[in-house]
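A structural walkthrough
Here's the letter readout for the chains.
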Amino acid sequence: MHADWDHAHIDFHAPRNRPCPTGLAESESDWRRHLAQAPNGHLVQDNAMLRALASGAPIHLLHLTRSLDAVRTSEQLLASTGCLVGAIYGSPLTPTAGGALRPHNLGAHMLESRTTLESRSNSTPLIIEVTPSGPAPAKGLDYLRLGGIHLRTHQAFRHVLTSEEDDQVTRSVVDRVRAAAPFLDTLLRTASGAATADEAFLNDLAATVPVLPYLGYVYFETVAEYLMLHSTSPATREYADRGEMNNRLYKDLAFAAVEGMGTLFDLGRFHPDHARLLSLVGRIEAGLTPGVAGYVRRRMSHLFAATALAPDQDATAITFHGADLDMLTRATPGLLGQLLFRDVRLLDRYPQLYHCFEQAKALEAWAYWNTEGIATPFNGTCPKGEIGINPAFPNARFTVWTAEMCGQGLLHPVEQVGAVPAPRLAPWLFAPLRDRTEENRWMNRHLLPA
């Protein structure tokens, strides 16, 4: 268990090469060098959030809640799933000389969007002070590397499904892979050094995401990384001077690219084709347009191969044509786990089954974080400012206040709330918000031969 979670984390102050399949044109250390050479590449290993973690001093986080009355009554803050598995999601706050706190640019976006996004309407900002017992490692969780953990959890708890549900999920996953096989093979060939045209790659990617929505997550994270590391806008330079990556870039991209993203942030619906991607990036920062397609082709192909395949596999020797469950389990457990994780969520009974699958992963994450001394885990796909609270951490004090924002954009503590993080997951709330258009189209598909 510990090895699985260690594989899914990266220590940005002491990065190491994780086990990787053979046959790839570039290694993990090659890509660390590429990222470091970008205009904002220094922020990958040296930013304000990572420095705060290493200091051992109290850390202040912004958290938005739409359930303040329930927090007061229960005296508990509950964790949620997502990119941080089982943490209380937030963003960093920096204390100022006058006692107010300055939000990270991600937090400023969160606060501003309360008037524009349905998912954040009627929310109350909370200031959470975390006083750890000492410095924390700069270990971030890369949710793209959770596939093996998703697979192991599914295998342990699939007995809570009916035989019909289990058959539906496994058949759906295999059919998705077979339908997406031409592009999945392109990803592996590209990661192995084969030449691929940028425009054709992105157009094929856009056509494949509706069949294999997980690719939308990898696609989006790749473009977000490119924007944050290569932007040279005045705002980006100002944030970089503070030690912050510019999170507004990928937020603008997501909301422009996907209708309804403000209701439910679903990256499985992110699939702009070549022309659309260039248009979206051009509106955000015109100077970034020329390089984005080539970057996505190279970087996404590498990320997919490195996270989908088992480390004992040769990327040049695998094809997804004719894939079956045994082949996926043996050769691509990372991909299989990600697909099973998402297809189970499409079941009508998933709101009732949610805790069966997710609580187990959360318990393991909390145990790992406690072993590693991590009170405040963060999203390590890129250390951009998404940071949360380990609700089971035994060696920290937590203090919570409601907050108000002043005209200068600073947060001021208002009322102390007698609540503490609790190692429990909040209920599943997303089912009524789902856009089932693509889901229904897939469920009504023409079945491929078994």
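Structure report, in brief. (Residues numbered from 1 in each chain as written. Predicted model: local features only at pLDDT ≥ 70, side-chain atom pairs only at ≥ 80, totals over all residues. Heavy atoms only, no water.)

Notes on the overall build of the chain
Short version of the rule: Think of it this way: any DSSP run of H or I at least four residues long counts as a helix, any run of E at least two long counts as a strand, and we number them from the N terminus. For the radius of gyration, the atom set is restricted to C-alpha positions; the globular benchmark scales as 2.2 Å times the number of residues to the power 0.38. Remark: exposure states derive from per-residue accessible area (1.4 Å probe, protein chains only) relative to the maximum for the residue type, with buried under 20%, exposed over 50%, and partly exposed in between. Throughout, a residue-residue contact means that at least one pair of heavy atoms, one from each residue, lies within 4.5 Å. Accessibility throughout is a Shrake-Rupley quantity obtained with a 1.4 Å probe, and a residue counts as covered only by protein chains that appear here.
Across its full length, the chain carries 17 helices and 12 strands. In terms of C-alpha radius of gyration, the chain reaches 21 Å, essentially the compact-globule figure of 22 Å for 450 residues. Overall size of the chain, expressed as C-alpha extent along the three principal axes, is 65 × 50 × 40 Å. In the chain, which comprises 450 residues, the share counted as buried stands at 56%. For the chain, long-range pairs separated by at least 24 residues make up 77% of all intrachain contacts whose partners lie at least 6 apart in sequence. Accessible surface computed for the chain: about 18000 Å², of which carbon and sulfur atoms make up 53%.

Observations regarding the pairing of strand S2 (residues 59-65)
Rule in force here: Any two strands with at least two DSSP-identified bridges between them are counted as paired.
In terms of burial, S2 is a largely internal element, 7 of the 7 residues being buried. Note that S2 and strand S6 (residues 124-132) share 7 bridges and pair antiparallel. Looking at S6, one finds that Thr65 is bridged to Thr124. Sheet analysis places S2 next to strand S4 (residues 88-95), joined by 3 bridges and oriented antiparallel. Bridged to His60 within S4 is Leu93.

Overview of empty space enclosed by the protein
Counted only if it meets this: Every definition here rests on a 1 Å grid over the protein atoms only: cavities are sets of points where a 1.4 Å probe fits but cannot get out, pockets are open sets enclosed by protein on both sides within 12 Å along at least five of seven lines, and lining residues have some atom within 4 Å of a point. Grid points are joined across faces, edges and corners, and a volume is the space filled by probe spheres set on the points. Charged means Asp, Glu, Lys or Arg here, nonpolar means Ala, Val, Leu, Ile, Met, Phe, Trp, Tyr, Cys or Pro, and polar covers whatever is left, Gly included.
Applying the stated criterion across every chain yields a total of 1 cavity of 30 Å³ or more. By volume, the largest cavity is sized at about 60 Å³. Elements with a contribution of two residues or more to the lining of the largest cavity: helix H6 (147-157), helix H15 (333-344) and helix H16 (350-372). Top contributing element to the lining of the largest cavity by residue count: H16, with 4 residues. Taken together, the residues of the lining of the largest cavity break down into 5 nonpolar, 3 polar and 2 charged.

A look at the packing of aromatic side chains
Spelled out, the test is: Any Phe, Tyr or Trp ring, taking Trp's six-membered ring, that has another such ring centre within 6.5 Å forms a pair; planes under 30 degrees apart are called stacked, those over 60 apart edge-to-face, and the others tilted.
Within this structure, the stated rule accounts for 14 aromatic pairs. When the ring of Phe220 is compared with that of Phe265, the centres are 6.2 Å apart and the planes differ by 80°; the resulting orientation is edge-to-face. One end of the pair, Phe220, is in helix H9 (residues 214-230); the other, Phe265, is in the loop between helix H11 (248-257) and helix H12 (274-284), with 45 residues separating them in the sequence. Of the residues examined, Phe265 reaches a relative accessible area of 35% and is grouped as partly exposed.

A short note on the side chain of Asn40
Its location among the elements puts Asn40 in the loop between helix H2 (28-36) and helix H3 (48-55). Judged by relative accessible area, Asn40 falls into the buried class, the value being 6%. Not counting chain neighbours up to four residues away, the residues in contact with Asn40 comprise Met228, Leu229, His230, Ser231, Thr236 and Ala240.

Quick look at the nonpolar core
Rules: What we call a nonpolar core is a set of buried Ala, Val, Leu, Ile, Met, Phe, Trp, Tyr and Cys residues that are connected through their side-chain atoms within 4.5 Å.
Within the largest apolar cluster, 134 residues are counted, with the highest numbers of intra-cluster contacts made by Leu184, Leu215 and Phe320. With 12 residues, H9 is the largest single contributor of residues to this core. Among all residues touching Phe320, those that are not within four sequence positions of it are Val177, Ala181, Leu184, Asp185, Leu188, Phe304, Met327, Leu328, Thr332 and Leu335.

Notes on the side chain of Asn105
This is how it is decided: Definition of a polar contact: a pair of N or O atoms within 3.5 Å, with one able to donate and the other able to accept a hydrogen when the atoms are protein atoms, and with sequence-neighbouring residues admitted only if both atoms are side-chain atoms.
The residue Asn105 is located in helix H5 (residues 105-112) in this model. At a separation of 3.0 Å, a polar atom in the side chain of Asn105 contacts the side chain of Glu244. At a separation of 2.8 Å, a polar atom in the side chain of Asn105 contacts the main-chain amide nitrogen of Asn247. Residue contacts for Asn105: discarding those within four places in its chain leaves Tyr239, Glu244, Met245, Asn246, Asn247 and Arg248.

Looking at the packing of H9 against H11
Rule in force here: Axis angles are defined between N-to-C directions and span 0 to 180 degrees, where every axis is a line fitted to C-alpha atoms and, for a helix, only to the segment in contact. If an angle is under 35 degrees, it is roughly parallel; if it is over 145, roughly antiparallel; if it lies from 65 to 115, roughly perpendicular; otherwise it is oblique. By definition, any crossing whose near helix is turned counterclockwise from its far helix by less than a right angle is left-handed, and any crossing with a clockwise turn is right-handed.
Contact geometry for H9 and H11: axes closest at 8 Å, N-to-C directions at 140°. It follows that H9 is oblique to H11 by the angle criterion. For H9 against H11, the interelement crossing comes out right-handed. Touching Phe220, Val223, Ala224, Leu227 and Met228 of H9 are Leu249, Tyr250, Leu253 and Ala254, all from H11. Looking at the contact of H9 with H11 residue by residue, the classes come out as 9 nonpolar, no polar and no charged.

Quick word on the pattern of salt bridges
Which entries qualify depends on this criterion: By convention in these notes, a salt bridge is any Lys or Arg side-chain nitrogen within 4 Å of a carboxyl oxygen on Asp or Glu.
For the structure shown, the criterion picks out 24 salt bridges. Here Arg297 ties to Asp198 by a salt bridge, and the two come within 2.5 Å at their closest N and O atoms. With Arg297 in helix H13 (residues 289-308) and Asp198 in helix H8 (residues 198-208), the pair connects residues that are 99 residues apart, well separated along the chain. One network of salt bridges, in which partners are shared, links Asp6, Arg16, Lys139 and Glu372.

Section: unusual backbone geometry
Positive phi is not limited to glycine here, since Glu75 has a value of about 60°. By the element assignment, Glu75 lies in the loop between helix H4 (68-74) and strand S3 (76-79). Look at Val85: it is not a glycine, yet its phi comes out positive at around 65°. Residue Val85 is classed as buried on the basis of its relative accessible area, which comes to 6%.

A short note on H5
Counting buried residues along H5, 7 of its 8 residues qualify, which places the element largely inside the surrounding structure. Buried residues of H5: Asn105, Leu106, Gly107, Ala108, His109, Met110 and Leu111, and no others.

Quick look at the environment of Leu280
Within the secondary structure, Leu280 is located in helix H12. C-alpha of Leu280 to C-alpha of Leu229: the two residues are 51 residues apart in sequence and 17 Å apart in space. Apart from residues lying up to four places away in sequence, Leu280 is in contact with Leu253, Ala256, Ala257 and Pro272.

Details of H15
Which entries qualify depends on this criterion: By definition here, a helix of n residues has an expected span of 1.5 Å times n minus one.
The end-to-end C-alpha distance of H15 is 16 Å, a good match for the 16 Å that 12 residues give at a rise of 1.5 Å each. Where H15 is concerned, the buried positions are Pro333, Gly334, Leu335, Leu336, Gly337, Gln338, Leu339, Leu340, Phe341, Arg342, Asp343 and Val344. Residues of H15 that are buried in the fold lie against H6, helix H7 (163-191), H9, H13, helix H14 (325-331) and H16.

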